[in-house]
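Residue-level listing of the chains:
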Amino acid sequence: MILSLFLALVMACSPGERSEERTDVEANKTEQFSGKTEKATFAGGCFWCVEAPFEEVDGVISVLSGYAGGKEKNPTYGEVSGGRTSHRESVQITFDPEVISYSELVDIFWQTFDPTDVGGSFYDRGSQYESAIFYHDTEQKKVAEESKKRLDQSGKFDKPVATPIIKYTNFYEAEDYHQDYYKKNPADYYSYRRGSGRDAFIKKYWPELSAEKYPAKSKKELKETLTPLQYEVTMEDETEYAFQNEYNGNKEDGIYVCIVSGAPLFSSKDKYESGSGWPSFTKPIDARIIDKPVDKSLGMTRVEVRSKLGNSHVGHVFYDGPEPTQLRYCMNSAAMKFIPKSEMESAGYGDYIWLVD
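Note that this is a predicted model, so its numbers are computed, not measured.

Student: When you look at the overall build of the chain in this model, what are you seeing that I'm missing?
Tutor: In terms of regular secondary structure, the chain is built from 13 helices and 18 strands. Computed over C-alpha atoms, the radius of gyration of the chain comes to 21 Å, within 12% of the 21 Å expected from 2.2 N^0.38 for 357 residues, which places it in the range of a compact globule. Based on the C-alpha atoms only, the size of the chain along its principal axes is roughly 65 × 45 × 40 Å. When each of the 357 residues of the chain is scored for burial, the buried share is 54%. The contacts of the chain with a sequence gap of at least 6 include a subset with a gap of at least 24, amounting to 73%. Carbon and sulfur atoms make up 50% of the accessible area of the chain, which amounts to about 16400 Å² in all. Positive and negative charge centroids in the chain, built from 43 and 58 side chains respectively, lie 4 Å apart.

This is the structure we're talking about:
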């Protein structure tokens, strides 16, 4: 009985009472959570523009701009950008698979460029600017192929998804001045994004996920609009009872949104029965609007899941889930609102229906 109680606490969504010793720095250094690392390598045209979207994602340890897939050793920027090698401008991401999955990184990658473009990327033309997913093992290949197929069948684009999935062979780090270019030269970086047409393309085909569209309410407002349990879970990091919550057994198609901001968090397509007593998912809709601070309460070290736009507690993520992610996003029903598929369009979530189908 004692062992069962301890295991329940370990696997529960609740963080319990917060340790006063946990600092803001600790809360954001999820890259130090497990010490386990894997790599992902993507090409999507100008590497400055593919590097930046991954930089602030929790679980991502580093993002490097460089050159991949070619035969020439130690290429330079001048050689690659001038089309004098067989390399592509690429980025290599080192990540902690116990915090973020390869599948989530692929989902973000698709939203950084035009995957239907053949022969270059926006106004950068030539094979050096063509897109690619360089898979590091058979599991990454499988995830990438299934993700590409699903995106292609979604009807989101007028043309077929053309990005090839290629076996990884090499990666050469680019010169130092290319690393974190968006930080070192922000005016040039954002001017380039706008001028090339990249920003306009992304805005046209991908839904907005911003604090302006999904604003969080004040605690005073939330106390008036949320139930006591919803407020305690989201604002005071409490938990609800296992098996006695609204969405654990829900099998209806739809999406789960943040109860505080309305931001889309999870799709029913990624929901599964974990046996934990709380609604469980293999991945979020977009990892960029999820915060994953390290939680050291109850004498354990776990990864909390928070809605970034709602600044609210949702649950925890554990590395004991099914393939393809091996993650279990163990969420509190009280932190979310379910939107049935039949109501998604009228509720303003029509852009996400393809993720439910």
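Student: Quick question: what am I supposed to make of the environment of Tyr67 here?
Tutor: Among the secondary structure elements, Tyr67 is positioned in strand β2 (residues 60-68). Distance in space between the C-alpha atoms of Tyr67 and Gln128 is 8.8 Å, their sequence separation being 61 residues. In this structure the side chain of Tyr67 is engaged in a polar contact, spanning 3.3 Å, whose partner is the backbone nitrogen of Tyr77.

Student: Just to check I follow, could you spell out the environment of Ser261 for this structure?
Tutor: Of note, Ser261 is situated in the loop between β9 (254-258) and β10 (264-267). Each C-alpha atom, one on Ser261 and one on Lys141, is 35 Å from the other, the two residues being 120 residues apart in sequence. What Ser261 contacts, discounting residues up to four positions off in sequence, is Tyr214, Pro215, Ala216, Ser307, Leu309 and Gly310.

Student: Any chance you could explain the sheet that holds β2 here in plain terms?
Tutor: What links the strands of a sheet is backbone hydrogen bonding, and the strands pair in either a parallel or an antiparallel sense. Taking strand neighbours across the sheet as the criterion, the six strands line up as β7-β6-β1-β3-β2-β8 in an open arrangement whose pairing is mixed. Sheet topology places β7 (165-167) and β8 (171-173) at the edges, where each strand pairs with a single neighbour. Sheet twist, expressed as the average angle between the axes of neighbouring strands with direction ignored, equals 35°. Here eight bridges tie β2 to strand β3 (residues 88-95), and the two strands are oriented antiparallel to one another. The partner of Ser65 across the bridge, within β3, is Val91. Where helix α3 (residues 47-55) meets the sheet, its contacts fall on β1 (38-43), β2 and β3, and the angle it forms with β2 comes to roughly 170°. Across the sheet, helix α6 (residues 138-153) lies against β1, β6 (132-135) and β7, angled at about 155° from β6, the strand it touches most.

What counts, and at which threshold
- Residues numbered from 1 in each chain as written.
- Predicted model: local features only at pLDDT ≥ 70, side-chain atom pairs only at ≥ 80, totals over all residues.
- Heavy atoms only, no water.
- Helix = DSSP H or I, 4+ residues; strand = E, 2+ residues; numbered from the N terminus.
- Rg over C-alpha atoms; globule rule 2.2 N^0.38 Å.
- Buried < 20%, exposed > 50% of the residue type's maximum accessible area, 1.4 Å probe, protein only.
- Contact = heavy atoms within 4.5 Å.
- Areas by Shrake-Rupley, 256 points an atom, 1.4 Å probe, with all protein chains shown as cover.
- Lys, Arg positive; Asp, Glu negative; His and termini not counted.
- Charge placed at Lys NZ, Arg CZ, Asp CG, Glu CD.
- Polar contact = N/O pair within 3.5 Å; in protein donor to acceptor, adjacent residues only side chain to side chain.
- Pairing = 2+ DSSP bridges.
- Axes fitted to C-alpha atoms, helices over the stretch in contact; angles between N-to-C directions.

On their own, these measurements won't tell you what the molecule is for.
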